[in-house]
Amino acid sequence: MNEITLHNKTFEIFISDQEIKKILDDIASKINTSEIKNPLFIAVLNGSFLFAADLMRKITIPNSEISFIKLASYEGTESTGKVNELIGLNQDVKGRNLIIIEDIVDTGNTLEKIVELFNEEGVQSLKIATLLYKEEAYTKNIVIDFIGKNIPNKFVVGYGLDYDEIGRNLPNIYKLKN
Ligand code: IMP
């Protein structure tokens, strides 16, 4: 399947499942050699669900834990503007070494909010792992510690990533054809 159609848009193959396997081996080995003690992995749903599952199988650091969150944004009062909240965090993260698992970092807006919210919780350390990184689109200064693959500023879908909620089940990653 070199081309697929989702919501009337055509996508072409970009990263095969074979290449994804190699990216996983590479990023897992970097995390494993980082010597982060008793890490608590935090997967950001929905997009990271496949990546997090496949990555965790390759993590060999003793006492590794994983938890799942969603970032919710809603309009607060007029004075506060947009309010962000971490949903699903049912664990005390104070003093923990966190590794955030993201599917893709684009502008970095989402990541910035997540980092702010975790810093308020008094974590010991916070590292970021992302499968995909759109370097050209990134506007923040937050260091991304573990990057699977740097990609051009194109819309991609598959392996957890969606186009308007569909396409997450695709084993390969596709990019929008233009
Ligand atoms: P950011 O806040 O601009 O960095 O965007 C991060 C979020 O936007 C990701 O967690 C995805 O949910 C979504 N996103 C960004 N780029 C893509 C893409 O190319 N395909 C699918 N989702 C994307």
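Scroll up to find the structure.
Model, not experiment: these values are computed from the prediction.

## Quick word on the site of the ligand
Line of reasoning, step 1. Surrounding the ligand, one finds 15 residues, the nearest of these being Thr 107, Gly 108, Thr 110, Lys 134 and Val 156.
Line of reasoning, step 2. Here Lys 134 contributes a side-chain N or O atom positioned 2.8 Å from an oxygen atom of the ligand.
Line of reasoning, step 3. Here the ligand has 490 Å² of accessible area as a free molecule, and 79% of this is covered by the chains.
Line of reasoning, step 4. A molecule is said to occupy a pocket when more than half its atoms come within 2 Å of that pocket's grid points, and by this definition the ligand occupies the largest pocket.

## Notes on the sheet that holds strand S9 (residues 156-157)
In a beta sheet, neighbouring strands are held together by backbone hydrogen bonds and run either parallel or antiparallel to one another.
Line of reasoning, step 1. Pairing in this open sheet of 4 strands is antiparallel, and the strands run S1-S2-S10-S9 from one edge to the other. Looking along the sheet, the strands with just one partner apiece sit at the ends: strand S1 (3-6) and S9.
Line of reasoning, step 2. As paired strands, strand S2 (residues 9-15) and strand S10 (residues 173-176) are joined by 4 bridges and run antiparallel to one another. Counterpart to Glu 12 in the pairing with S10 is Lys 175.
Line of reasoning, step 3. Its contacts with the sheet place helix H1 (residues 17-32) against S2 and S10, and it is angled at close to 50° to S2.

## Some details on the pairing of strand S6 (residues 97-105)
Where a strand is regular, its side chains alternate between the two sheet faces.
Line of reasoning, step 1. Along S6, 9 of the 9 residues are buried, which leaves the element largely enclosed by surrounding structure.
Line of reasoning, step 2. Pairing geometry for strand S3 (residues 40-44) and S6, over 4 bridges, is parallel. Paired with Leu 40 across the strands is Leu 98, a residue of S6.
Line of reasoning, step 3. Strand direction decides the pairing type here: S6 and strand S7 (residues 125-133), joined by 8 bridges, are parallel. What sits directly across from Asn 97, in S7, is Ser 125.
Line of reasoning, step 4. With respect to chirality, the unit in which S6 leads through helix H3 (residues 109-119) into the neighbouring parallel S7 is right-handed.

## Some details on the side chain of Asp 103
Line of reasoning, step 1. Within the fold, Asp 103 resides in strand S6.
Line of reasoning, step 2. Of the side chains with opposite charge, Arg 168 comes closest to the buried, unpaired Asp 103, at an N-O distance of 5.5 Å.
Line of reasoning, step 3. Not counting the four nearest positions on each side in its chain, Asp 103 is found in contact with Gly 47, Ser 48, Thr 130, Leu 131, Leu 132 and Leu 161.

## Description of the nonpolar core
Line of reasoning, step 1. Of all hydrophobic cores here, the largest spans 28 residues; its most connected members are Ile 31, Phe 51, Leu 55, Leu 132 and Ile 173.
Line of reasoning, step 2. Counting only elements with at least two residues in this core, the list comes to H1, S3, helix H2 (49-56), S6 and S7.
Line of reasoning, step 3. The dominant element in this core, judged by the number of residues it contributes, is H1, at 6 residues.
Line of reasoning, step 4. Not counting residues within four places of it along the chain, the set of residues in contact with Leu 55 comprises Leu 24, Ile 27, Ala 28, Ile 31 and Ile 101.
Line of reasoning, step 5. Judged by nonpolar contacts, the second largest core, of 19 residues, contains Leu 40, Ile 69, Leu 86 and Val 123.

## Things to note about the packing of aromatic side chains
Line of reasoning, step 1. Throughout the structure, instances matching the rule amount to 4 aromatic pairs.
Line of reasoning, step 2. Ring centres of Phe 11 and Phe 155 lie 6.5 Å apart, and the angle between their planes is 55°; on these two criteria the pair is classed as tilted. Residue Phe 11 is found in strand S2, and its partner Phe 155 is found in the loop between strand S8 (146-150) and S9; the two are separated by 144 residues along the sequence.
Line of reasoning, step 3. The exposure class of Phe 11 is buried, given its relative accessible area of 0%.
Line of reasoning, step 4. A ring pair is formed by Tyr 133 and Tyr 138, whose centres lie 5.3 Å apart and whose planes are at 75°; its orientation type is edge-to-face. Tyr 138 matches Tyr 133 in its accessibility class, with the two residues each being buried.
Line of reasoning, step 5. A connected cluster of aromatic rings, assembled from ring pairs, spans Phe 11, Phe 155 and Tyr 163.

What counts as what
Residues numbered from 1 in each chain as written. Predicted model: local features only at pLDDT ≥ 70, side-chain atom pairs only at ≥ 80, totals over all residues. Heavy atoms only, no water. Near = heavy atom within 4 Å. Polar contact = N/O pair within 3.5 Å; in protein donor to acceptor, adjacent residues only side chain to side chain. Areas by Shrake-Rupley, 256 points an atom, 1.4 Å probe, with all protein chains shown as cover. 1 Å grid on protein atoms, 1.4 Å probe; cavity = no way out; pocket = protein on both sides within 12 Å on 5 of 7 lines; lining within 4 Å. Sits in = over half its atoms within 2 Å of the grid points. Pairing = 2+ DSSP bridges. Helix = DSSP H or I, 4+ residues; strand = E, 2+ residues; numbered from the N terminus. Contact = heavy atoms within 4.5 Å. Axes fitted to C-alpha atoms, helices over the stretch in contact; angles between N-to-C directions. Buried < 20%, exposed > 50% of the residue type's maximum accessible area, 1.4 Å probe, protein only. Right-handed = clockwise from strand over helix to strand, strands pointing away. Lys, Arg positive; Asp, Glu negative; His and termini not counted. Salt bridge = Lys/Arg side-chain N within 4 Å of Asp/Glu carboxyl O. Core = buried A, V, L, I, M, F, W, Y, C linked by side-chain atoms within 4.5 Å. Phe/Tyr/Trp six-rings, centres within 6.5 Å; stacked < 30°, edge-to-face > 60°.

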